[in-house]
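Residue-level listing of the chains:
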Amino acid sequence: MPLFVRGCRPGRVSGITVQTYDQGIAMVHHDRFEGQINRTQAESTPWWPTPPHPDESAPNVVLILLDDTGFSHFGCFGSDLATPTIDRLAAGGLRYTNFHVTPLCSPTRAALLTGRNHHSVGMRSLSNFDSGYPHMRGHVTNHAATVAEVLRDEGYATFALGKWHLCSMENASAAGPYDQWPCQRGFDRYYGFLEGETDQFYPELVYDNHSVSPPATPEEGYHLSEDLVDHAIGFIHDSTSIRPDRPFFTYLAFGAQHAPHQAPASYLAKYRGRFDQGWDVARDSWFARQLEMGLLPADTELAPRNPGVEAWDSLPDNHRRLAARLQEAFAAFLEHTDAQIGRLVDALENLGQLDNTLILLLSDNGASQEGGPFGVMHEMKYFNFLIESPDEAVERLDDIGGPHSHSNYPWGWAQAGNTPFKWYKQNTHEGGVHVPLIVHWPERIPEGDGLRDQFHHVNDIVPTIYETLGVEPPSTYRGYEQIPVSGTSMHYTFATPDAPSRKAVQYFEMMGHRAIYADGWKAVTRHQSGVPFDQDDWELYHLAEDRSECRNLAATMPEKVQELVARWWEEAEQYGVLPLDDRTIELFATRYRDRSPHPTSRRYSYVPPMSPLPGQVAPALGGRGWDMEATIERPEGTGGVLYASGTENSGVSLFVQGDRLVLDYNCFGDHRVVESESAVPVGPSVVGLQFRRTGKSAEATLVIDGTPSGHLSVPFAMTMISSVGPSIGYDHGSPVSERYRGPFPFEGRLRRLDVAVLGPGSGHESAEAGERAAMSRQ
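Sequence positions are assigned chain by chain, starting from 1 and proceeding in written order. Whole-chain, interface and lining totals are the exception, using all residues; otherwise, since this is a predicted model, local features are given only for residues with pLDDT of at least 70 and side-chain atom pairs are given and counted only at 80 or more. Only hydrogens and water are set aside when side-chain values are computed; all heavy atoms of the structure are taken into account.

Chemist: I'm lost on the nonpolar core in this one. Help?
Modeler: Most often, soluble globular proteins have nonpolar side chains that are buried together. Residues enter a nonpolar core if they are buried and are Ala, Val, Leu, Ile, Met, Phe, Trp, Tyr or Cys, with the set joined through side-chain atoms within 4.5 Å. Partly exposed residues are those whose accessible area sits between 20% and 50% of the maximum for their type, while under 20% is buried and over 50% is exposed, using a 1.4 Å probe and protein chains only. Membership of the largest hydrophobic core comes to 76 residues, with the highest contact counts inside it found for Phe74, Phe254, Ile341, Leu361, Trp413 and Ile438. The way it works is that DSSP assigns letters per residue, a run of H or I at least four long becomes a helix, a run of E at least two long becomes a strand, and they are numbered from the N terminus. It is helix α7 (residues 317-350) that contributes the most residues to this core, 15 residues altogether. In this description, contact between two residues means that some pair of their heavy atoms is separated by no more than 4.5 Å. If we ignore the near neighbours within four places in the chain, the residues touching Phe74 are Leu66, Thr69, Ser79, Thr83, Ile86, Leu334, Leu361, Pro436 and Ile438. One finds Val121, Ala145, Leu360 and Val458 within the second-largest nonpolar core, a separate group that totals 63 residues.

Spelled out as structure tokens, the structure:
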């Protein structure tokens, strides 16, 4: 209701419009009003505010982000992998050959969407972590508005699709809070997944602000990349059909090429035998193509193989068979992703929107090292410090790339994807941070197949968008004082191919790995976890002459090293990099505290029906002992899942089947199963499980109404069970157990499921000593 006051003069008071009547009575409006109000409508003048709207010629903006894709992976950046759509965009636009990102996914996304350095906005590392310091809060600070927030206020429609990984994973459940989800950070619509990775055939999906199931099954032809593009096209069609005057900003972040590498069978079949020649031949060939294309300075050298990467010809036959098939899955995954980008580009063209759409396509970091030296059928083995023998893995070669695998390729193929560089994702050497960037905008950048070699960084994308659109980022956004945008616009490069780079300095830091670029020089150190930071060995490269970091000049130019290291510390202080923190896997540990998903009692009680739980919201069952009790009422002959966590590749499922209580402990496909000795009663009962760690193994006991009723010895108790969290009363996603199909919901009544996680001193927690060093060595 409006407020009426006497004795006020016309004008605005604290953002409130005050309108005075002829009779001396004033009316206060909380919204801006420029009409005239009197006692009756006939005596008054209406006024309608004009909503914000960009210039009529303002372009659409489409930002396409691939995951874990190296500098050479696209065909137009040197490889012989099929990426015809991406190559088409490059042929009609610009390729940036000296473009950099952070070494990891969440930090790159934070910098990409804000135009600031990732430490400054609270994303030092993965959004799974909150270290208690401002630079690692697990979400982007509200003092750094996203490009979507800014463009929406300018009148753009804003859509996000795919991987988010920018909110605390503890806040990614149906309980929220939702304040750091995409729709609360500037996007009108969202369809994708909030976690860092997901299964391409059985994804954990969120539509706007709620969990949804995939619209089809793998047997019906479902694949996530296709689903994402279907929704991207749908969002754009909805907007342009109803408001053709309104431009749109679309952020499409594929799960590809992050593990698991999964593609439709027809794509996998195309690559059979294509990589039998091995990674050494591929690197040589791709490097030669890069030189021929002019993507590198002519005197660039091919970096030597990374430690742990063996000569292909020296590998045993089974090692080569496994590695080649894993690379086939990666290549098929990439070509399939390219085809989906093609569908989006075709949709824009059919709408008549392609020519005035600024498309920017890039990767979030270099190729991944998480597959280890041999590659893995299941990536979670890497995080359990299990080396899978190729002699064992080749027994399942035909599963690779399909719904029954969670594979990642070995170091040798990852380095090939980073050609000509050394090291990988996570590292601050060029292999971790030097990625392809393509810019396509036919209406304003008519030059086709152009090359740009200016040094730039991912925090420069948003300033480029702002300058291109004529947008000034706000100094205050919704009451929050804004951190200044620190990136440098690349707009000047659109029309001036040979202009000197305006980006003089950029620091890098990830888990203690550090680097700094300054005017063509780079100092870099690969940190070993646990080693004092002041003992790190700094290398020195003149990137202007040594793009691939092959000639370390540190020994001959110690003064230059000292100068750059000192500059690194200056940048670190300015952009909130400190304190240095080399912790990795330890930060996945559950932080127990009241008024959170993880109470200090370590006791959880769930009352279904419920949406699936993200892994970091659920009780942390890996690496420790726990008790589980399900309070149920069961009609005769009924069964179903009481609790299931994980996927068909690894997980734990407790269910009733054939009147028996059943535990399936699925350790990377090795199913350890026990049935209760006695039947589950008809009517009310309390059934459950006691799980006790005994070193690296465990003992599990089924319990029915307080009486033990079945025992199972588990040879290896997983520390990290899966990236997929649990569901209560059904099994969402791919089924954990081979003994049922689909979700197998409990047919009786599951009144409550209680979980108690055993605490320190119980004698049933795994010894994690040495994990930091082990992770660092990877």
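Now that the structure has been shown, we can carry on.
Chemist: It is not clear to me how the sheet that holds strand β29 (residues 697-704) should be interpreted in this structure. Could you clarify?
Modeler: The strands that make up a sheet are held in pairs by hydrogen bonds between backbone atoms, and each pair lies either parallel or antiparallel. The 6 strands are arranged β22-β32-β23-β28-β29-β30 in an open sheet whose pairing can be described as antiparallel. Looking at which strands have only one partner, the edges of the open sheet turn out to be β22 (603-606) and β30 (707-714). Ignoring strand direction, the axes of neighbouring strands in this sheet form an average angle of 15°. Following DSSP output, two strands are said to pair if at least two bridges run between them. Direction of pairing for strand β28 (residues 683-694) relative to β29: antiparallel, over a ladder of 8 bridges. Across the sheet, Gly688 pairs through a bridge with Val703, a residue of β29. In this description, a line fitted to the C-alpha atoms serves as the axis of each element, helices being fitted only across the stretch in contact, and the angle between N-to-C directions of two axes falls anywhere from 0 to 180 degrees.

Chemist: Would you take a moment to explain helix α4 (residues 224-242) for this structure?
Modeler: Since the α-helix turns once every 3.6 residues, residues separated by three or four places project in the same direction. With 19 residues, α4 ought to run about 27 Å at 1.5 Å a step, and its terminal C-alpha atoms sit 27 Å apart, in line with that. Turning to α4, its buried residues number three or more, namely Leu224, Ser225, Asp227, Leu228, Val229, His231, Ala232, Ile233, Phe235, Ile236, Ser239 and Thr240. Summarising the contacts, the buried residues of α4 are in contact with β7 (157-163), β8 (189-193), β9 (205-207), β11 (248-253) and α7. To estimate the expected span of a helix, count its residues, drop one, and scale the result by 1.5 Å.

Chemist: I keep staring at the pattern of salt bridges and nothing clicks. Help me out?
Modeler: Pairing between side chains of opposite charge can happen when their charged atoms approach one another. Note on definitions: salt bridges are taken to be side-chain nitrogens of Lys or Arg within 4 Å of carboxyl oxygens of Asp or Glu. Counted under the stated rule, the structure contains 43 salt bridges. The salt bridge involving Asp67 is made with Lys163; its shortest N-O contact spans 2.7 Å. With Asp67 in the loop between β5 (60-66) and α1 (84-91) and Lys163 in strand β7, this pair connects stretches of sequence that are 96 residues apart. Neither Asp67 nor Lys163 differs from the other in exposure class; each is buried. The salt bridge involving Asp399 is made with Arg396; its shortest N-O contact spans 3.1 Å. Overlapping salt bridges bring together Asp67, Arg109, Lys163 and Asp364 as one network.

Chemist: Please explain the side chain of Asn60 as it appears in this structure.
Modeler: Topologically, Asn60 is positioned in strand β5. Residue classification places Asn60 among the buried residues on the basis of a relative accessible area of 3%. Whenever a nitrogen or oxygen atom comes within 3.5 Å of another N or O atom, the pair is scored as a polar contact, on the condition that within protein one atom can donate a hydrogen and the other can accept it, and that pairs from neighbouring residues in sequence are kept only if both atoms are in side chains. Within the structure, the side chain of Asn60 is placed 2.8 Å from the side chain of Gln353, a separation counted as a polar contact. Sequence-distant contacts of Asn60, that is, excluding residues within four places in its chain, are made with Pro247, Phe248, Gln353, Asn356, Thr357 and Leu358.

Chemist: Even after reading the chapter, I still don't get unusual backbone geometry, so can you show me in this structure?
Modeler: Trans peptide bonds make up most of the peptide bonds, and negative phi angles are found at most residues other than glycine. Each neighbour pair has its own omega, and for Gly176 with Pro177 the value is 0°, a cis peptide bond. Even without being glycine, Trp423 reaches a positive phi, approximately 65°. Among the structural elements, Trp423 can be located in the loop between α10 (411-417) and α11 (430-433). Trp423 sits in the buried class, given a relative accessible area of 14%. In this structure, Glu549 takes a positive phi of about 55° despite not being glycine. By the secondary structure assignment, Glu549 is in the loop between β21 (539-542) and α13 (558-574).

Chemist: Would you explain α13 in this entry?
Modeler: The end-to-end C-alpha separation of α13 is 24 Å, in line with the 24 Å expected for 17 residues at 1.5 Å each. Every buried residue of α13 is accounted for by Lys560, Val561, Leu564, Val565, Trp568, Glu571 and Ala572. Projected down its long axis, α13 carries its buried residues within an arc of 130°, all on one side. Facing away from the buried side of α13, by more than 90 degrees, are the exposed residues Glu559, Gln562, Glu573 and Gln574. Where α13 is buried, its residues contact β18 (505-510), β19 (513-518), β20 (521-525) and β21. In the stretch just after α13, Gly576 is the one whose phi turns positive, near 75°. Note that the arc is defined by the directions from the helix axis to the C-beta atoms.

Chemist: Explain the pairing of β21 here, please?
Modeler: Successive residues of a regular strand alternate their side chains across the two faces of the sheet. A two-sided burial pattern is seen for β21, the buried positions comprising Glu539 and Tyr541 on one face and Leu540 and His542 on the other. Here β20 runs beside β21; their pairing, made up of 4 bridges, is antiparallel. Directly across from Trp521, in β21, lies its bridge partner His542.

Chemist: Mind showing me how you'd approach the packing of aromatic side chains here?
Modeler: Working definition: rings of Phe, Tyr and Trp (its six-membered ring) pair if their centres are within 6.5 Å, and the pair is stacked with planes under 30 degrees apart, edge-to-face with planes over 60 apart, and tilted otherwise. With the rule as written, the count across this model stands at 28 aromatic pairs. Ring plane angle 20° and centroid distance 6.1 Å describe the contact between Phe187 and Phe249, whose orientation is recorded as stacked. Note that Phe187 is positioned in the loop between β7 and β8 and Phe249 in strand β11, a separation of 62 residues in sequence. A ring pair is formed by Tyr207 and Phe235, whose centres lie 6.3 Å apart and whose planes are at 55°; its orientation type is tilted. Highlighted residues: Tyr207 in strand β9 and Phe235 in helix α4, separated in sequence by 28 residues. By relative accessible area, which is 4% here, Phe235 ends up buried. Ring pairing ties together the aromatic residues Tyr271, Phe275, Trp279, Trp312 and Trp413, which thus form one cluster. By definition here, charges over rings are those cases where NZ of Lys or CZ of Arg is within 6 Å of the ring centre and within 35 degrees of the ring normal. A cation sits over an aromatic face here: Arg514 above Trp568, 5.2 Å from the ring centre.

Chemist: How do you make sense of the environment of Lys163 when you look at a structure like this?
Modeler: Given a relative accessible area of 1%, Lys163 falls into the buried group. Between the C-alpha atom of Lys163 and that of Tyr191, which follows or precedes it by 28 residues, the distance is 9.0 Å. For Lys163, the contacting residues outside a window of four places in its chain are Asp67, Cys105, Arg109, Phe193, Glu195, Gly196, Tyr251, Ala253, Phe254 and His258. Looking at Lys163, its side chain comes within polar contact range of the side chain of Asp67, at 2.7 Å.

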